[in-house]
Amino acid sequence: MALRNALLRYLRVNVTPTLRSSSITSHRGVAPLYVILRRRFSEEVRGSFLDKSEVTDRVVSVVKTFQKVEPSKVTPKAHFQNDLGLDSLDTVEVVMALEEEFGFEIPDNEADKIQSIDLAVEFIASHPQAK
């Protein structure tokens, strides 16, 4: 045990993390791993969300093609029940059509909250799996 402790003490390297205000690079001119990973992750996330105007256009298009909806009543602010006259089963069918359009599954607890086109747009635009 004493030999192990002596060996560990010998091999132990003191590390003091410091950030230089001029740049975030190590003494060899290379960015630390956490900076590289953070930058890569943030670029992946930033690039994976859909543009809100594109989502709005696609959602409006899906709702307009729904057989129980009069296309002239569909607006980006339309409420499924109040403005479009859809019942709860129709709303579920619209949400299923949106899942198919955007290529991801909307959890039931979130699908229950989607009662209008603008709520659907908000949810889909903020979801990283939407395509």
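Residues numbered from 1 in each chain as written. Predicted model: local features only at pLDDT ≥ 70, side-chain atom pairs only at ≥ 80, totals over all residues. Heavy atoms only, no water.

Per an unreviewed UniProt entry, the recorded name for the chain is Acyl carrier protein, and the organism is Brassica campestris. Turning to the chain, the UniProt annotation filed under Function (unreviewed entry) states: "Carrier of the growing fatty acid chain in fatty acid biosynthesis. May be involved in the synthesis of short and medium chain fatty acids. Accessory and non-catalytic subunit of the mitochondrial membrane respiratory chain NADH dehydrogenase (Complex I), which functions in the transfer of electrons from NADH to the respiratory chain." Turning to the chain, the UniProt record has this under Subunit (unreviewed entry): "Complex I is composed of at least 49 different subunits." (UniProt positions renumbered as here; feature names shortened; annotations may be inferred.)

A. Seen up close, the overall build of the chain. Assigned secondary structure in the chain consists of 6 helices and 0 strands. Going from the N terminus to the C terminus, the chain shows its helices and strands as α-α-α-α-α-α. In the chain, which comprises 131 residues, the proportion classed as buried is 27%. Within the chain, residue pairs in contact and separated by at least 24 positions form 52% of the contacts whose partners lie at least 6 positions apart. Per element, the accessible surface of the chain, about 9,600 Å² overall, is 55% carbon and sulfur. (Helix = DSSP H or I, 4+ residues; strand = E, 2+ residues; numbered from the N terminus. Buried < 20%, exposed > 50% of the residue type's maximum accessible area, 1.4 Å probe, protein only. Contact = heavy atoms within 4.5 Å. Areas by Shrake-Rupley, 256 points an atom, 1.4 Å probe, with all protein chains shown as cover.)

B. Up close: the nonpolar core. Val-59, Val-63 and Ile-117 are the most contacted members of the largest nonpolar core, which totals 27 residues. Listed by contribution, the elements that provide at least two residues to this core are α3 (52-65), α4 (88-102) and α6 (117-125). Here this core takes 6 residues from α6, the largest share from any one element. Those residues in contact with Ile-117 that lie beyond four places of it in its chain are Val-59, Val-60, Val-63, Val-74, Thr-75, Pro-76, Ala-78 and Phe-80. (Core = buried A, V, L, I, M, F, W, Y, C linked by side-chain atoms within 4.5 Å.)

C. Inspection of the pattern of salt bridges at higher detail. In total, this model carries 5 salt bridges according to the counting rule given. Among the ionic pairs, Glu-54 bridges to Arg-58, the shortest N-O distance being 3.3 Å. Note that Glu-54 and Arg-58 are positioned in helix α3 at a spacing of 4 residues, about one turn of the helix. In this structure Arg-58 comes out as buried when scored by relative accessible area, which is 18%. Via salt bridges that share partners, Glu-54, Arg-58 and Glu-101 belong to a single interconnected network. (Salt bridge = Lys/Arg side-chain N within 4 Å of Asp/Glu carboxyl O.)

D. Inspection of the side chain of Thr-91 at higher detail. Relative to the helices and strands, Thr-91 is located in helix α4. Non-local contacts of Thr-91, meaning those with residues more than four positions away in its chain, are made with Phe-80, Leu-86, Ile-114 and Gln-115.

E. Seen up close, a nonpolar patch on the surface. Among the surface-exposed residues, Leu-89, Val-92 and Met-96 lie close enough to one another that they form a single nonpolar patch of about 300 Å² accessible area. Along the chain, Met-96 falls in helix α4. (Patch = residues over 30% accessible without salt bridge, like charges linked within 9 Å, V, L, I, M, F, W, Y side chains within 5 Å.)

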